[in-house]
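These are the residues of each chain, in order.
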Amino acid sequence: GTQLPPPQIQHECWTMYFDGSLMKTGASAGVVFISPLGVKMRYTIRLHFTASNNTAEYEALVNRLHIAIELGIKRLEVRGDSRLIIDQVMKESSCHDPKMDAYCKAVRRLEEKFDGLELNQVLRKYNEAADALAKMASEQATVPPDVFASDLYKPSVDYKGDVGSDELPNGPSS
């Protein structure tokens, strides 16, 4: 019969919830990392450039995947309520929009750094923590001391250049 993997491997999987928020004050994103032991790390990201809701969601995803790699996380299950993004990344559904395509490729390149990266869509009601963080950032509210706040002044991907190119120039932030 098939052997189940040893239990400790199962426990090494982290979970990440992400959500984007678009308000009059601008776009922002919220992310919650949950360690295998259930410790939560909460992040807000403010975007200081014109962004759609999808851009905000993708920025949350791309930026925090970088953080996950820095933290040495090898197995990560990502949960978000944006069907569009999860379909684009997982089902490789065609991205007609060059900007979305650039984000999609960026996520796939980051995926190679993990032993296991899975994206799953969850109902909005299960994504409330990330959603609340995103809204908190866009309302310019005071961020609690246990939340890591960051600001982005330019998009993580370059999509104005040659869209057909797979290699995106690395900015100083990478």
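Every chain is numbered on its own, with residues counted from 1 as its sequence reads. Under the rules for a predicted model, residues below a pLDDT of 70 receive no local features and side-chain atom pairs below 80 are neither given nor counted, while totals for whole chains, interfaces and linings still include all residues. Only hydrogens and water are set aside when side-chain values are computed; all heavy atoms of the structure are taken into account.

Participant: Looking at this model, I keep getting lost on the pattern of salt bridges. Mind explaining?
Facilitator: Pairs can form between side chains of opposite charge once their charged atoms are near each other. When a carboxyl oxygen of Asp or Glu lies within 4 Å of a side-chain nitrogen of Lys or Arg, that pair is called a salt bridge. Taken as a whole and assessed by the stated rule, the structure comprises five salt bridges. Across the pair Arg42 and Asp146 runs a salt bridge, and its minimum N-O distance is 3.1 Å. Of this pair, Arg42 sits in strand 3 (residues 40-47) while Asp146 is found in the loop between helix 5 (128-138) and strand 6 (147-152), placing the two residues 104 residues apart along the sequence. When its relative accessible area of 46% is taken as the criterion, Asp146 is described as partly exposed. Close ionic contact of Asp81 with Arg124 constitutes a salt bridge, the shortest N to O distance being 3.2 Å. Here Asp81 is found in the loop between strand 4 (75-80) and helix 3 (83-90), whereas its partner Arg124 is found in the loop between strand 5 (116-121) and helix 5, with 43 residues between them in sequence. In DSSP terms, a helix is any run of H or I states spanning at least four residues, a strand is any run of E spanning at least two, and both are numbered starting from the N terminus. To sort residues, take the accessible area from a 1.4 Å probe on protein chains only and compare it with the maximum for the residue type: under 20% means buried, over 50% means exposed, and anything in between is partly exposed.

Participant: Sorry if this is basic, but what is going on with the confidence of the model for the chain here?
Facilitator: Caution applies to low-pLDDT parts of the model: their predicted coordinates are not meant to be read in detail. Per-residue confidence from the predictor is reported as pLDDT, a score between 0 and 100. Averaged over every residue, the pLDDT of the chain is 83; residues scoring 70 or more account for 82%. Across the chain, strand 4 holds the top mean pLDDT of 95, while helix 1 (residues 7-11) sits lowest at 48. Overall, residues 161-174 carries pLDDT values under 50, and its contacts beyond four positions in sequence, including any with other chains, amount to 14 contacts. The contact definition used throughout considers only heavy atoms, calling two residues in contact when any of these lie within 4.5 Å.

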